[in-house]
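Per-entry structural report
What follows is the residue order along each chain.
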Amino acid sequence: MLFRSVAQDDCIVGLVGPAFSGASKVSLPIYKSAGLPIITPSATNPDLYSMGGEIFHRAVLTDDFQGPALARLVMNKVKNASVFLINDASDYSVGLAKLVSYTLGSRVVGKDTTPQGTTDFASTIAKIKKSKANAVVYTGYFAEAATLVKQLRDSGSKATFAAGDGVLDAQFIKLARKSAEGALLTAPAVPFDAASSKLAAEFTKVMGAEPGVYTTESYDAANFFLAAIAKGNKDRASVLNYINKNSFKGLSKTLKFDDKGEVAGVDVNGFVVKNGKIVLSGPIR
């Protein structure tokens, strides 16, 4: 596997990643045994420190924060919210859904699990209609979310659609088209174009695609490692020591990690799909 070859390559003194919680759970024990410091820009499962220990660092808040924030966003935007909650059976989705459910309490009027790869949501939509929910919260990823919201709108439902950072991707809008309009989204992230429109434009020109949801956090993590190297730290142990003891002022936030590799003093942001674009609405209170 790729993560084993990365761990064994002595030329690699720091890693920006892993990107997802599932990949982190598999690879962190290997990186830990190799002493390779990592900064994940996007893996949000709260339990990852227990697998990575001292080498683990995270540039965003965990689902312990995003789940309640997603619930608050729905309650803030939907009058007398009654919510139907859907997960996709993945570690990320199930964990996020539990926290949303806990925060919403009795406002949750129905639940369902639709595994990744589901293409026909008819039975779930029937359950949504039966529950009389006026909001649907989906905690999976953008591909299935696009199919779900299209079928939901085709069924005539006007229930508000909301989701977490797994759906905060331009591909969601490309796949769902007009059905994505009005969707509420969350992420413990700062969009690259909001952080630096100049760098975002340069990224799009060079890469031929728009920046993804955690591009800013990835950029900051990479520059923290580069700052460590610029100070003369050329091996994993010294880079790790630098990252653990110092801070870095990035575009998204100042990266300063506590003794469990977590960053503090930041917010979960809310977004809305408006006129075919994902628009930042600001911190969720």
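Residues numbered from 1 in each chain as written. Predicted model: local features only at pLDDT ≥ 70, side-chain atom pairs only at ≥ 80, totals over all residues. Heavy atoms only, no water.

Okay, the pattern of salt bridges next. Enumeration over the complete set of coordinates arrives at five salt bridges. Asp267 is paired through a salt bridge with Arg285; the nearest N and O atoms lie 3.1 Å apart. Remark: Arg285 occurs in the segment after strand E11 (277–283) and Asp267 occurs in the loop between strand E9 (254–255) and strand E10 (269–274); sequence separation between them is 18 residues. The exposure class of Arg285 is exposed, given its relative accessible area of 62%. (Salt bridge = Lys/Arg side-chain N within 4 Å of Asp/Glu carboxyl O. Helix = DSSP H or I, 4+ residues; strand = E, 2+ residues; numbered from the N terminus. Buried < 20%, exposed > 50% of the residue type's maximum accessible area, 1.4 Å probe, protein only.)

Turning our attention to the pairing of strand E6 (residues 160–163). Strand direction decides the pairing type here: strand E5 (residues 135–138) and E6, joined by four bridges, are parallel. Bridging from a neighbouring strand, Val136 pairs with Phe161 of E6. One crossover worth recording links E5 to the parallel E6 by way of helix H7 (residues 142–154), and it is right-handed. Sheet analysis places E6 next to strand E7 (residues 184–187), joined by two bridges and oriented parallel. Within the sheet, the bridge partner assigned to Ala162 lies in E7 and is Leu184. Crossover handedness for the path E6 to helix H8 (residues 170–176) to E7: right-handed. (Pairing = 2+ DSSP bridges. Right-handed = clockwise from strand over helix to strand, strands pointing away.)

The strand order E4-E3-E5-E6-E7-E10-E11 describes an open sheet built from seven strands, whose pairing is mixed. Bordering the open sheet on either side are strand E4 (108–113) and E11, each of which pairs with just one other strand. On average, each strand axis in the sheet is tilted by 20° relative to the strand beside it, whichever way the strands run. As paired elements, E10 and E11 share six bridges and run antiparallel to each other. Bridging across to E11, Val273 finds its partner in Ile278. Running over the sheet, helix H6 (residues 122–131) touches strand E3 (83–87), E4 and E5 and is turned about 160° from E3. Strands in contact with H7 are E3, E5 and E6; relative to E6, the strand with the most contacts, it is inclined by about 170°. (Axes fitted to C-alpha atoms, helices over the stretch in contact; angles between N-to-C directions. Contact = heavy atoms within 4.5 Å.)

So, on to H7. It helps to recall that an α-helix has 3.6 residues per turn; residues three or four apart then point in one direction. With 13 residues, H7 ought to run about 18 Å at 1.5 Å a step, and its terminal C-alpha atoms sit 18 Å apart, in line with that. Every buried residue of H7 is accounted for by Glu144, Ala145, Ala146, Leu148, Val149 and Leu152. On its buried face, H7 is in contact with E3, H6, E5, E6 and H8. After H7 finishes, the residue Gly156 shows a positive phi value of roughly 95°. (Expected span 1.5 Å × (residues − 1).)

Here the focus is the packing of helix H4 (residues 63–77) against helix H5 (residues 91–104). Two elements in contact, H4 and H5, have axes whose closest approach is 8 Å; the angle formed by their N-to-C orientations is 50°. Between H4 and H5, the crossing angle belongs to the class labelled oblique. As H4 packs across H5, the resulting crossing turns out to be right-handed. Of the residues in H5, those touching H4 at Asp63, Asp64, Gln66, Gly67, Pro68, Leu70, Ala71 and Met75 are Tyr92, Leu96, Leu99, Val100, Thr103 and Leu104. Grouping the amino acids of the contact of H4 with H5 by side-chain chemistry returns nine nonpolar, three polar and two charged. (Parallel < 35°, antiparallel > 145°, perpendicular 65-115°, else oblique. Left-handed = near helix turned anticlockwise from the far one by under 90°. Nonpolar A, V, L, I, M, F, W, Y, C, P; charged D, E, K, R; others polar.)

Take it as geometry only, folks, not as evidence of what the structure does.
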